[in-house]
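Commentary on secondary and tertiary structure
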Amino acid sequence: SAVISQKPSRDICQRGTSLTIQCQVDSQVTMMFWYRQQPGQSLTLIATANQGSEATYESGFVIDKFPISRPNLTFSTLTVSNMSPEDSSIYLCSAGGETQYFGPGTRLLVL
Amino acid sequence: GENVEQHPSTLSVQEGDSAVIKCTYSDSASNYFPWYKQELGKRPQLIIDIRSNVGEKKDQRIAVTLNKTAKHFSLHITETQPEDSAVYFCAASNSGGSNYKLTFGKGTLLTVNP
């Protein structure tokens with residue numbers, strides 16, 4: 001299985017600022033995804049990070065708010081832009097193909 | 001799009017008993033069904049998965065069954081232990097056409113009492 005790391009592991013940010021989360025995989029993978037998980041809730045898919053092209057966003061999520069990059073087959077970033085307290089959550093990346101493995105998550109608190 | 005329903009939302013069992021978690025899905029094109037275990041503060045971990053050409057799969061104390069006609073699948077844990085306590089998520093995807101997007105159920109909090 002792929003080994004996935006995320007940076008930062010947690011952060012506290014002021015409203016109106018932006019945070020970029022990095023996801024690194026130890027091997028080349030077909031697919032990378034970004035999820036949001038509110039405390040005590042399930043995982044909600046934000047977008048599919050496509051290598052070499054624009055990400056595919058799910059309903060309710062837009063590129064201006066959550067720009068995503070995927071420059072190669074092992075790395076992706078998610079930026080949470082113009083943050084508000086409602087963006088406080090855990091952000092997880094996953095990677096793989098049909099079988100997906102998750103990173104450890106980034107715990108974000110927006111004040 | 002796909003919709004996955006999961007029941008129960010909470011489950012409490014005595015150590016050594018069996019636990020069963022059930023999920024239903026809506027999209028008949030879904031063909032891959034993984035189960036994840038998430039301990040408090042940790043990442044979701046894949047524990048078992050099943051594909052639509054298989055009716056049952058076992059891995060030690062864990063088994064998953066799939067009924068494609070009824071569009072439901074279940075996780076069975078036998079001889080439960082306190083370390084099985086966690087939130088369990090089922091998911092479904094249609095892996096055809098290189099689209100591996102997972103849709104998750106809402107999760108089941110399993111508590112195994114010593």
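Residues numbered from 1 in each chain as written. Chains lettered and ligands numbered in written order. Predicted model: local features only at pLDDT ≥ 70, side-chain atom pairs only at ≥ 80, totals over all residues. Heavy atoms only, no water.

Looking at the interface of chain B and chain A
Counting residues at the interface gives 19 residues for chain B and 21 residues for chain A. Between chain B and chain A the total buried area reaches about 1,600 Å² when both faces are included, carbon and sulfur atoms providing 54% of it. Where chain B packs against chain A, one counts two salt bridges. With its nearest N and O atoms 2.5 Å apart, the salt bridge here joins A:Glu98 to B:Arg51. Contributions of two or more residues to the side of chain B that touches chain A are made by strand E4 (32–38) and strand E5 (45–51) of chain B. Its residues assigned to classes, the side of chain B that touches chain A shows eight nonpolar, five polar and six charged. (Contact = heavy atoms within 4.5 Å. Buried area = accessible area lost by both parts, 1.4 Å probe. Salt bridge = Lys/Arg side-chain N within 4 Å of Asp/Glu carboxyl O. Helix = DSSP H or I, 4+ residues; strand = E, 2+ residues; numbered from the N terminus. Nonpolar A, V, L, I, M, F, W, Y, C, P; charged D, E, K, R; others polar.)

Quick word on the state of the cysteines
A full pass over the atoms with the stated rule returns two disulfides over all chains. Each sulfur in the disulfide pair A:Cys23 and A:Cys93 lies 2.0 Å from the other. On the sign convention where negative means left-handed, the S-S torsion of about 70° between A:Cys23 and A:Cys93 marks this disulfide as right-handed. Here A:Cys23, found in strand E3 (residues 19–25), pairs with A:Cys93, found in strand E9 (residues 89–96); they are 70 residues apart in sequence, far enough to count as distant. Here A:Cys23 matches A:Cys93 in class, with each residue buried. At a sulfur-sulfur separation of 1.9 Å, the disulfide partner of B:Cys23 is B:Cys90. Because the torsion about its S-S bond is -100°, the bridge between B:Cys23 and B:Cys90 counts as left-handed. Of this pair, B:Cys23 sits in strand E3 (residues 19–25) while B:Cys90 is found in strand E9 (residues 86–92), placing the two residues 67 residues apart along the sequence. (Disulfide = S-S within 2.5 Å. Buried < 20%, exposed > 50% of the residue type's maximum accessible area, 1.4 Å probe, protein only.)

Some words on unusual backbone geometry
Residue A:Pro8 follows A:Lys7 across a cis peptide bond; omega there is -5°. Phi is positive for A:Asn82, close to 45°, though the residue is something other than glycine. Position of A:Asn82 among the secondary structure elements: in the loop between strand E8 (75–80) and E9. Residue A:Asn82 is classed as exposed on the basis of its relative accessible area, which comes to 54%. A positive phi angle, close to 45°, is found at B:Glu79, a residue other than glycine.

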